[in-house]
Amino acid sequence: MISIEGLSKIFTSNKRQITAVDDLTLEIKEGDIFGVIGYSGAGKSTFVRLLNRLEEPSFGRIVIDEQEITSLNSNQLRLARQEIGMIFQHFNLLWSRTVKDNIAFPLEIAGVPKAERDKRVRELIDLVGLTERENAYPSQLSGGQKQRVGIARALANNPKVLLCDEATSALDPETTNSILDLLVDINQKLGLTIILITHEMHVIRKICKQVAVMENGRIVEQGDVLDVFLRPKQQVTKKFVEQVMGTNDEDEGVNHLINTYDRGKLIRLHFIGETTNQALISEVAKKYEIDINILQGKITQTQAGAYGTLFVQIDGEAGEIDNAIDFITKTSVEVEVIRDAN
Amino acid sequence: MLTKLFPNLDVQDFWMATYETFYMTLLALAGTFIIGILLGLLLYLTAKDGIWQNKFINMIVAAIVNIFRAIPFIILILLLFPFTDFLIGTIRGPNAALPALIIGAAPFYGRLVEIALKEVDKGVVEAAKAMGAKTKTIIFRVLLPESMPALISGITVTAISLIGYTAMAGVIGAGGLGDYAYFYGFQRREFDVVFVCTVFIVVIVFIFQFIGDYISNRLDKR
């Protein structure tokens, strides 16, 4: 769907060259929600603006839906842009236009006749849940509502790709969630490919299937969101995972657990994304003659299922405990015995 | 009543002069609005990082604007005599004042337009570009509507300078309240005429200010 090869952007200011995006190569599949995460200055915002050439690439090739964006002339680029939606951190709505007229704007640009425009605007207003606010001006809307207008506007011309430049960074956590739900919803309904830039791991966790971590203009780590969560390799990625999972001072915690709970087996369960095991603990407790005591843990939900770790204490007869552990091992949950039964 | 309080005032001449003042102000204002917006757009679009970024054109336009703003209006009228004569066919009367009024006010308004355009959120312009808008669309559907309240308050300020300019032009025979006050009032030592003309000019200024503020507020949905 989107393929990027050797993409670079070099800014020259005061005779100093700054490489904002450095030789980036990437494939994004159709219908994906692809997240790019990085701290400010990592070049992620420049990267997304290169995709529709709001910034001109210094080197490299961008192909979106078999159309080579980097080789278009300015007129062709204008037409191509009509099929690439974009939403922004600060919404960028025209304050002089009502909700309705803001959403109609890209349709005006594309030369859609008035009657058809009105019809499409009504559909979009329903889609993003702004019914009855269509005659309001942006200044009368909350941040979340403004972003809904932004999304409706970006979708007006039925784009194949939606670029989100820090689309939730100016919103409070609750509004962020509702906007993310809307993005997942339109991704599923319309099969739209979404590229999302953020500095919040929470956003990645909640809606992305694929993630790339950017640092100093390069992608330092990339893959399935779950894999990256489970096995973060780079320091920067570990830091982002900690944003969601809390700091990893487990070793200390484990010793404390071993010392405190001296009966039975202590095991650590790794949940890595299968949703079929949601009732695992109660199932094990019913099936086997054992007691399970949940000691510590953190589970979080990603688009591919649950991810996290759980420390439990299993007490009972030795044979029964082993059977229970065997059973868990057969599921997708990984088991790690921290301390055998005394 | 007017004749009793101000014995030297010729009511018919006075209304004629008021009409001429309005006539000159409004026509000059229309011309200033159009030319000023053109100048302002040129300054804005050719500036650094503008859509038509062009150092050379920007420098030329800026130079023209600065030169004409620097010339005192009364001298500008005199300098423009040959041009006015060529364009209008005379150097007397309200019509002959128009070229000088417009050339005097448009550069000033052009700067105000430039400032107004600079205040338009860059993000909105960028959003329009990302939607695939033509430059024409960006100018007429984004830049001008989004800066309209500032464009209107700018033209209000300019209108008030223009009223002052018409009075100055009057002194060298353009007609209007300035002309009337100077030739009929000041020259003949009939100061009641000067007084009434002054009051009327002040009233006209107030009217323009009020209308400008009203429109600007109505348009501002921020």
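- Under an unreviewed UniProt entry, chain B has the name Methionine import system permease protein MetP and belongs to Virgibacillus oceani.
- Recorded under Sequence similarities (unreviewed entry), the UniProt text for chain B is reproduced unchanged: "Belongs to the binding-protein-dependent transport system permease family. CysTW subfamily."
- The UniProt entry for chain B carries the following text under Subcellular location (unreviewed entry): "Cell membrane".

- Labelled according to an unreviewed UniProt entry, chain A appears under the name Methionine import ATP-binding protein MetN, originating from Virgibacillus oceani.
- Per UniProt, chain A has the following entry under Sequence similarities (unreviewed entry): "Belongs to the ABC transporter superfamily."

**Digging into the nonpolar core**
One recurring pattern in soluble globular proteins: nonpolar side chains tend to sit buried together.
Consideration 1: In this structure, Ile4, Phe47, Leu51, Ile69 and Leu163 of chain A together with Leu101 and Leu143 of chain B are the most contacted members of the largest nonpolar core, which totals 92 residues.
Consideration 2: The residues touching Leu101 of chain B, leaving out its near neighbours within four places in the chain, are Met24, Ala28, Thr32, Phe73, Leu162, Tyr165 and Thr166 of chain B.
Consideration 3: One finds Leu130, Leu155, Phe229 and Met245 of chain A within the second-largest nonpolar core, a separate group that totals 53 residues.

**Focus on the side chain of Arg153 of chain A**
Consideration 1: Looking at the element boundaries, Arg153 of chain A is found in helix α5 (residues 143-155).
Consideration 2: One buried charged side chain, Arg153 of chain A, makes no salt bridge at all; its nearest oppositely charged neighbour is Glu146 of chain B, positioned 8.5 Å away.
Consideration 3: A distance of 2.9 Å separates a polar side-chain atom of Arg153 of chain A from the backbone oxygen of Asn92 of chain A.
Consideration 4: Beyond its immediate stretch of four places on either side in the chain, Arg153 of chain A contacts Phe88, Phe91, Asn92, Leu93, Leu94, Asn102, Ile103 and Pro106 of chain A together with Ala127 and Met131 of chain B.

**Here's the deal with the UniProt feature "transmembrane region" (unreviewed entry) in chain B**
All names here are of chain B.
Consideration 1: Annotation from UniProt places "transmembrane region" (unreviewed entry) at residues 22-44, 56-84, 96-113 and 193-212.
Consideration 2: A distance of 31 Å separates the end C-alpha atoms of residues 22-44, which is 100% helix and 0% strand.
Consideration 3: The span residues 193-212 is 100% helical and 0% strand by assignment, and the distance between its end C-alpha atoms comes to 29 Å.

**Describing the side chain of Asp179 of chain B**
Residue and element names in this part refer to chain B.
Consideration 1: Position of Asp179 among the secondary structure elements: in helix α9 (residues 176-186).
Consideration 2: This buried residue, Asp179, is left without a salt bridge; Arg92 holds the nearest opposite charge, at 5.1 Å.
Consideration 3: Beyond its immediate chain neighbours, meaning those up to four positions away, Asp179 contacts Ala167, Gly170, Val171, Gly173, Ala174 and Tyr184.

**Structural notes on the sheet that holds strand β12 (residues 290-302) of chain A**
Residue and element names in this part refer to chain A.
Consideration 1: Read from one edge to the other, the open sheet built from four strands follows the order β12-β13-β11-β14, with strand pairing classed as antiparallel. Looking at strand neighbours, the two that pair on one side only are β12 and β14 (334-339), the edges of this open sheet. Pairs of neighbouring strands in the sheet enclose a mean axial angle of 15°, with direction left out of account.
Consideration 2: For strand β11 (residues 265-272) and β14, the ladder comprises five bridges, and the chain directions are antiparallel. Counted as the bridge partner of Ile267 is Val337 from β14.
Consideration 3: Packing against the sheet, helix α9 (residues 235-245) makes contact with β12 and β13 (305-316), and its axis sits at approximately 120° to β12.

**Details of the interface of chain A and chain B**
A common way to express how large an interface is: the accessible area buried when the components associate.
Consideration 1: Counting residues at the interface gives 22 residues for chain A, matched by 22 residues for chain B.
Consideration 2: The tally of links between chain A and chain B comes to two salt bridges.
Consideration 3: Here Glu126 of chain B and Arg49 of chain A are joined by a salt bridge, their closest N and O atoms 2.5 Å apart.
Consideration 4: Connecting chain A to chain B are eight residue pairs in polar contact (both at pLDDT 80 or more).
Consideration 5: For the side of chain A that touches chain B, the secondary structure elements donating two or more residues are α2 (74-81), β6 (84-88) and α3 (99-109) of chain A.
Consideration 6: Sorting elements by how many residues they give to the side of chain A that touches chain B places α3 of chain A first, with four residues.
Consideration 7: Along the lines of polarity and charge, the residues of the side of chain A that touches chain B split into eleven nonpolar, five polar and six charged.

**Considerations on helix α8 (residues 135-171) of chain B**
All names here are of chain B.
Consideration 1: The first and last C-alpha atoms of α8 sit only 45 Å apart over 37 residues, clearly below the 54 Å expected at 1.5 Å per residue.
Consideration 2: A bend of about 65° at Met148 is the largest found in α8, and the proline Pro149 appears one to four places after it.
Consideration 3: Of the residues flanking the end of α8, it is Gly173, one or two places downstream, whose phi is positive at about 95°.

**Notes on the packing of α9 of chain B against helix α10 (residues 191-219) of chain B**
Residue and element names in this part refer to chain B.
Consideration 1: α10 packs onto α9 with a crossing angle of 165° between their chain directions and a minimal axis gap of 8 Å. By the angle class used here, α9 and α10 are roughly antiparallel. The handedness of the crossing between α9 and α10 comes out as left-handed. Contact with α9, carried on its side by Leu177, Tyr180, Ala181, Tyr184, Gly185 and Phe186, involves Phe191, Val193, Val194, Cys197, Phe200, Ile201 and Ile204 of α10 and no other residues of that element.

**Observations regarding the domain arrangement of chain A**
All names here are of chain A.
Consideration 1: Under the domain assignment used here, chain A contains domain 1 (2-242) and domain 2 (247-340).
Consideration 2: For domain 1 versus domain 2, the separation of C-alpha centres amounts to 39 Å.
Consideration 3: Contact residues are listed per partner, giving nine residues for domain 1 and eleven residues for domain 2.
Consideration 4: Approximately 970 Å² of surface area, both sides summed, lies buried where domain 1 meets domain 2, with 63% of it carried by carbon and sulfur atoms.
Consideration 5: Of all residues in domain 1, Arg205, Leu226 and Leu230 give up the largest surface area on contact with domain 2, accounting jointly for 56% of the area buried on that side.
Consideration 6: On inspection of domain 1 and its partner domain 2, the count reaches zero salt bridges.
Consideration 7: Linking domain 1 with domain 2 are one residue pair in polar contact (both at pLDDT 80 or more).
Consideration 8: The set of elements that each furnish at least two residues to the side of domain 1 that touches domain 2 consists of α7 (201-207) and α8 (225-230).

**Quick word on the pairing of strand β4 (residues 59-64) of chain A**
Each regular strand carries side chains that alternate between the two faces of the sheet.
All names here are of chain A.
Consideration 1: Sheet topology places strand β1 (residues 2-13) next to β4; five bridges connect them, and they run antiparallel. Residue pairing for β4: Glu5 is matched across the bridge by Arg61.
Consideration 2: Two elements, β4 and strand β5 (residues 67-68), share two bridges in a ladder whose sense is antiparallel. Paired with Val63 across the two strands is Glu68, which belongs to β5.
Consideration 3: Linking β4 to β5, which pair antiparallel, is a turn of two residues; within it Asp65 sits at a positive phi near 50°.

Rules and cut-offs
- Residues numbered from 1 in each chain as written.
- Chains lettered and ligands numbered in written order.
- Predicted model: local features only at pLDDT ≥ 70, side-chain atom pairs only at ≥ 80, totals over all residues.
- Heavy atoms only, no water.
- UniProt positions renumbered as here; feature names shortened; annotations may be inferred.
- Core = buried A, V, L, I, M, F, W, Y, C linked by side-chain atoms within 4.5 Å.
- Buried < 20%, exposed > 50% of the residue type's maximum accessible area, 1.4 Å probe, protein only.
- Contact = heavy atoms within 4.5 Å.
- Helix = DSSP H or I, 4+ residues; strand = E, 2+ residues; numbered from the N terminus.
- Lys, Arg positive; Asp, Glu negative; His and termini not counted.
- Salt bridge = Lys/Arg side-chain N within 4 Å of Asp/Glu carboxyl O.
- Polar contact = N/O pair within 3.5 Å; in protein donor to acceptor, adjacent residues only side chain to side chain.
- Pairing = 2+ DSSP bridges.
- Axes fitted to C-alpha atoms, helices over the stretch in contact; angles between N-to-C directions.
- Nonpolar A, V, L, I, M, F, W, Y, C, P; charged D, E, K, R; others polar.
- Expected span 1.5 Å × (residues − 1).
- Bend = angle between axes of the 7 residues up to and from the residue.
- Parallel < 35°, antiparallel > 145°, perpendicular 65-115°, else oblique.
- Left-handed = near helix turned anticlockwise from the far one by under 90°.
- Domains from an automatic or database assignment.
- Buried area = accessible area lost by both parts, 1.4 Å probe.

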